[in-house]
Every structure is written in C-alpha cells, then in structure tokens.
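Residues per chain are reported as follows:
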Amino acid sequence: MDKLLKEISNTMLKNGKIDKGKVLTIAQTYNHSEDFYNYANIFKKTGRKVAEEMMADNRIEKLDTIFFPVVFLYRHSIELILKAIGFKYIESRESRKNFLKETFHNLSLILGEIEPFLTEFISVDKKGYEWLKQLLNNMTDMDRESDSFRYPFKILRNKNDKPVFKMKWVFEKQTHIDLIKLVNKMEIAFEILNNYYSEKYIKTDEHLSYHPEFLEEGGDYYAQSVVGFAYNRSKMYLYINGYWKAAELLMDEAFKSSTKINLNFLPACYLYKNALELSLKEILFDVYNQEKALEHIYQKKHSVLGLWQCIEGRVLDIAKGSKEDSIYTYNFGLLHEIHTFDGRSDKFRYPVDKHLEYHFKEEKKYNIENFNNLFYQTLTFLNGISGMIDHYNEIQADFEIEMSSWTDYY
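Residues numbered from 1 in each chain as written. Predicted model: local features only at pLDDT ≥ 70, side-chain atom pairs only at ≥ 80, totals over all residues. Heavy atoms only, no water.

(A) Representation of the packing of aromatic side chains in the model. Following the criterion strictly, the structure yields 33 aromatic pairs and no others. Summarising the aromatic geometry, the rings of Tyr328 and Phe332 are spaced 5.6 Å apart at their centres and angled 10 degrees between planes, so their arrangement reads as stacked. One end of the pair is Tyr328 and the other is Phe332, both in helix H13 (residues 326–341) and four residues apart, which spans about a single turn. Their ring planes at 65 degrees and their centres at 6.5 Å tell us that Phe348 and Phe375 sit as a pair that is edge-to-face. Residue Phe348 is located in the loop between H13 and strand E6 (364–367), and its partner Phe375 is located in helix H14 (residues 368–409); the two are separated by 27 residues in the primary sequence. Look at Phe348 and you get buried, because its relative accessible area is 1%. Given a relative accessible area of 0%, Phe375 falls into the buried group. Through successive ring pairs, a cluster of aromatic residues spans Phe265, Tyr272, Phe341, Phe348, Phe360, Tyr366, Phe371 and Phe375. The cationic tip of Lys245 hangs over the ring face of Trp244; the distance from NZ or CZ to the ring centre is 5.9 Å. The ring of Phe341 carries the charged tip of Lys347 above its face, separated from the ring centre by 4.1 Å. (Phe/Tyr/Trp six-rings, centres within 6.5 Å; stacked < 30°, edge-to-face > 60°. Helix = DSSP H or I, 4+ residues; strand = E, 2+ residues; numbered from the N terminus. Buried < 20%, exposed > 50% of the residue type's maximum accessible area, 1.4 Å probe, protein only. Lys NZ or Arg CZ within 6 Å of the ring centre and 35° of its normal.)

Have a look at this one:
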C-alpha cells in the first residue's frame, strides 16, 4: 500500500503528479522563539475560527461538543506564546531544555519563570498583568497538564502491591459555560502576552470588563456549552465528535482557500489525531472492565499502535476475522502510518520535542488531502468497530438475561 503521508518532492510537482492547490509547506525559521510564536498564532486563529463557526451554527447541541477542541486550541496557543517569550530571554540550549522540563504544560509556572524578564512591560500595566496572572492561575487549577479538554477524565493510580486504577471526571456536575466570555478572555490574554512578546509598552483596559475566572457559567442560551452530563459522561462520544467535527471544519476551509492550508493544517491534524486516540480508548472500555481499560490507557498513553494491540485480538474474535483479511491489512496500515509519523503525539502541536530537536528538520511539502483521507478513513473504521462491539455486547447481555430466566424457571 502506498503511504499517504509521504513527503512530496519537487520532481513530483514539476511532473504534474500532484494538485498544487492541495500542497502545503511546513517551513521553520529554526529560531525557537519565533517558531513557538508562529505556532501560537496558528492555534489561536484556528481556535477563534472554530468558536465563530460553533456559535453561528443554529444547532444548539454543537455548542456542547466543539467546546472541548475550542478550549484546547486557545489554551494551547497561550502555552505556546508563553514559551515563545521564554525563549527570547533564555538563550542557552541547556537552560531552554530545563525551562521546558521544569514548567512542562503548567501555565502558572511558565509565567512565573518569565516574569523577571518582563518587569519593564508589567510596570506599564500592573493591573493587566495581575488579571492575566489570576486567569492563568485559575486555568492551571483546572488544567495543570493540558489534558482536561482532551480527555473526559484523569486516571488515578494507587501505588501498592497491586496497583488500582480509578478515574476522576474533569466535569463532575452539569455546567453551563458562557462561551462569549470564555472566547473574549482568551483573546485578551493572548493580546497581553503578544504585547510582551513584541516588546510593546501598551496599557490595555479590555480585561476590566471580565472577571479573571477561567470558565464562567451563564450567558445567553444560544451561546452556552453544557458539559458534564451525568447520563453520558462515561462515554467519550462528545470529545470524539467534537474533535472530529472541528478538524473537518478546518480542513474544509483549507480546501476552499489556499491561504488557509498552512494555517489550518497542524491544528486540524492534531484534532483528528486526538479523536483517533479517544476512539481507540473508547473501544477499550467496551472490551474490558473499567479498571483493566484504565490500566491499558495508563500504560499505552498516546500510542496508537499500543492501544490498537490491546483491542486487536478481541476485535478480530468478534468480527470472526483474521490479520490476512484485506480490510484489516488496509486499516492497520493506516494506523501504523500515523503512529510512525507522530508516535509521541507532539508533532502537530510543537515545533520541537522535549530535547529541542525539530520535528521537521528541513522544509517539507505534503498533500493535505492525503492527511484528511487517512484520518477520516481510520476514524470511520474505528467507529464501525465500536458499533459492532456495542451490538455484540447487547446480544450477549440479552442472552445472559434469557439464560438466567430459564435457570430461575427450572
């Protein structure tokens, strides 16, 4: 099977084998500060785009699903610009690696690390900085590790002779979130940080209209996201659907406008990748009991192939299939390809890995349609597996009830 995610050469373009309108170019400046800043703007702009489309849609249920990727995109953009600022002033490679290691995804820690470099700018607008600091502290309290809006729960592991795995829900009660306030706060926070990055001595007052609380409840009914439904939170459907639809939205815009290809590509691919990872994890809960499923997730983390290998045998048993079947070999090939391309789930999110090594060490060209097709096909395949297992489990449950009734009768 030809690889979909292969790099496009200049020779292929010259020979007319590739539609130039679907070719994107990934090029870095190889200046850590500038590249993190560029990524920050990409994620912020796509967060704004998805939010606008979400609120313009007259289907109220869409607000409850695309909420998760919107918050992630904005939250990630703020993490990126904070790190971009840090790299302007932290110059040695070893110090930069320590900066990443010691702060990780923690927005409050990152801000604390860069604050000494910003005293001149902060002195111009102390109230603006204090508002920003309180907002980031509030965000950190809820989302310290940048996973609260990517996954519906956190895994707790009791360390003893026999480890016990439990889940803690991110939203433990139904919550009505004011989307307009949320988006405006994210825009204001990014603007303040953008001024710091650009070394502008500017005093802002937009923040005066907003409380520095991350997620405020209330607002207009048609601009609210309702999360934490008790009846369906055990499933990852809302997250899968939200990330999938947000990725499709960005890809569709890229196909319509060549100027949006390079802007939308990385965020869209990450959204797709997270939907794919969540789909695999949802199937784990369908084939194992809760604790065993959590153990597998804890061990495999973001590994697409690792998660697939946990469910592969059970899926083939239920489907009465084999690894030689063409459907299996084709879709396993797709899973293997995306795992090879982004094994650590960071290639679409950051310009470098934790060792400051660039993911794209030179300019790369890819066919955006191939990426879109790969993710769509793989997600559709996993969605079919999930439906098959649900149907199988229902039949088994009905059979067990019937057998129990016969036992009681006799």
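(B) Focus on H13. With 16 residues, H13 extends 23 Å between its outermost C-alpha atoms, agreeing within 8% with the 22 Å of an ideal straight helix rising 1.5 Å per residue. Within H13, the full set of buried residues consists of Tyr328, Asn331, Gly333, Leu334, Leu335, Glu337, Ile338 and Phe341. (Expected span 1.5 Å × (residues − 1).)

(C) Focus on empty space enclosed by the protein. Throughout the structure, instances matching the rule amount to two cavities of 30 Å³ or more. Estimates place the volume of the second largest cavity at around 60 Å³. Phe121, Asp125, Gly128, Tyr129, Ile192, Asn195, Tyr196, Lys200, Ile202 and Thr204 together form the lining of the second largest cavity. Residue assignment for the lining of the second largest cavity shows that the elements contributing at least two residues are helix H7 (126–142) and helix H8 (179–198). (1 Å grid on protein atoms, 1.4 Å probe; cavity = no way out; pocket = protein on both sides within 12 Å on 5 of 7 lines; lining within 4 Å. Points joined across faces, edges and corners; volume = space filled by probe spheres on them.)

Honestly, that's just the spatial picture; any functional story needs more than this.
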